[in-house]
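Secondary and tertiary structure notes
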Amino acid sequence: MKLEGRKRSSNVEDRRGLSGGAKLGISGGIGGIIIAVVMAIMSGGDVSQVIGNVVNAVQQSKVEKVNPKEFSEEEQKLAEECEIILGSTEEVWTKVFKDNGWGEYRLPTMVLFTNSVQSACGSATSSVGPFYCRGDEKLYIDLSFFTEMKRQLGVEGNTFAYAYVIAHEIGHHVEYLRGILTHDWSRLGETDNQISVRTELLADYYAGVWAHYEDKKYHSLEDGDIERAIELAQKIGDDWLQKQAQGRAVEESFTHGTSKQRMYWLKKGLDTGDMRTTTFNVPYRDL
């Protein structure tokens, strides 16, 4: 993905080198299910239960200030790329909201942290992966997640794969601004896990929508970018992770969607850029 010379977002809080928290709950993001599976494998626990619980996992850590660390040139470059990607999402979604008559797009803040962090949704360690907190309209990322992505999933990261992770969390912000995260979906007669799957797949779709308009304006996508992002989507599907961990998938425990679903909705958003599409007007079996 070509980002040279692009504007970096100023809506970034760099909290790397600080850690702290309290006994509070937060909702896990795109990376939470990855860590959940690893924890279950190591402990011999029930993978499906761990994956379900990660959505509302409670983390606890001691508040402390640590010495600022010197960051490598590679990590600083990654931080700058994340700032550029965030800036791109700001540009795309500001225009999409304006073009659709949805009012002003409120810019979220990206928080970079190390090990643990405090948010309006509670405290979290890096084990939950990147996540979005609607309480403060911020997305939280420990950059070490991208290293773990390669080590745990065998996915060779590239800039667009990283961008997909960020754009997915921004997708949740779009859902919040559009009232999707706060809407009462009880009329669907579905379980909380099924509603979660719809929400996560829609965030994947919105990540694709962002990439659609980003590439349309800047021609930034390069050969292999889409394939790498789709490979990542495939390896964070609930069924793939569960089969790797325990040899079988338990559908009723899914919270993020299958590999096929995640790849489909990401690609559909990228291909169409159509904001009239939603995962909430499709029968669950057809997602």
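No experiment lies behind these values; they were computed from the predicted model shown.

Let us now look at the confidence of the model for the chain. When pLDDT is averaged along the chain, the result is 84, and 81% of the positions lie at 70 or above. Note that pLDDT drops below 50 for residues 21-28; the model gives that stretch 37 contacts with residues more than four away or on any other chain. Per-residue pLDDT stays below 50 along residues 35-68; that stretch engages in 66 contacts with residues further than four places along the chain or on separate chains.

What follows concerns a negative patch on the surface. Taken together, the side chains of Glu4, Glu222, Asp223 and Glu227 define an acidic patch exposed on the protein surface. Residue class for Glu4 comes out exposed when judged on its relative accessible area of 68%.

We now examine the pairing of strand S6 (residues 109-113). The element S6 is largely enclosed, with a buried count of five among its five residues. Alternating positions in S6 separate into two faces, Thr109, Val111 and Phe113 on one and Met110 and Leu112 on the other, with burial throughout. Pairing geometry for strand S1 (residues 12-15) and S6, over four bridges, is parallel. Note on S6: the bridge partner recorded for Asp14 is Leu112. Pairing of S6 with strand S10 (residues 138-141), which is carried by four bridges, proceeds in the parallel orientation. Bridged to Met110 within S10 is Leu139.

What follows deals with unusual backbone geometry. Even without glycine at this site, Asn115 takes up a positive phi of about 75 degrees. Checked against the element boundaries, Asn115 lands in the loop between S6 and strand S7 (116-119). Even without glycine at this site, His219 takes up a positive phi of about 50 degrees. Note that His219 resides in the loop between helix H6 (192-218) and helix H7 (225-235). For His219, a relative accessible area of 54% puts it in the exposed group.

The next point concerns the state of the cysteines. Scanning all chains against the criterion turns up one disulfide. Here Cys121 is linked by a disulfide to Cys133, with a sulfur-sulfur distance of 2.0 Å. Between Cys121 and Cys133, the S-S dihedral sits near 95 degrees, and the bridge is therefore right-handed. Pair noted here: Cys121 is in the loop between S7 and strand S8 (122-125) and Cys133 is in strand S9 (residues 131-133), with a separation of 12 residues, a long-range link.

Analysis parameters
- Residues numbered from 1 in each chain as written.
- Predicted model: local features only at pLDDT ≥ 70, side-chain atom pairs only at ≥ 80, totals over all residues.
- Heavy atoms only, no water.
- pLDDT = per-residue confidence, 0-100.
- Contact = heavy atoms within 4.5 Å.
- Patch = residues over 30% accessible without salt bridge, like charges linked within 9 Å, V, L, I, M, F, W, Y side chains within 5 Å.
- Areas by Shrake-Rupley, 256 points an atom, 1.4 Å probe, with all protein chains shown as cover.
- Salt bridge = Lys/Arg side-chain N within 4 Å of Asp/Glu carboxyl O.
- Lys, Arg positive; Asp, Glu negative; His and termini not counted.
- Charge placed at Lys NZ, Arg CZ, Asp CG, Glu CD.
- Buried < 20%, exposed > 50% of the residue type's maximum accessible area, 1.4 Å probe, protein only.
- Helix = DSSP H or I, 4+ residues; strand = E, 2+ residues; numbered from the N terminus.
- Pairing = 2+ DSSP bridges.
- Disulfide = S-S within 2.5 Å.

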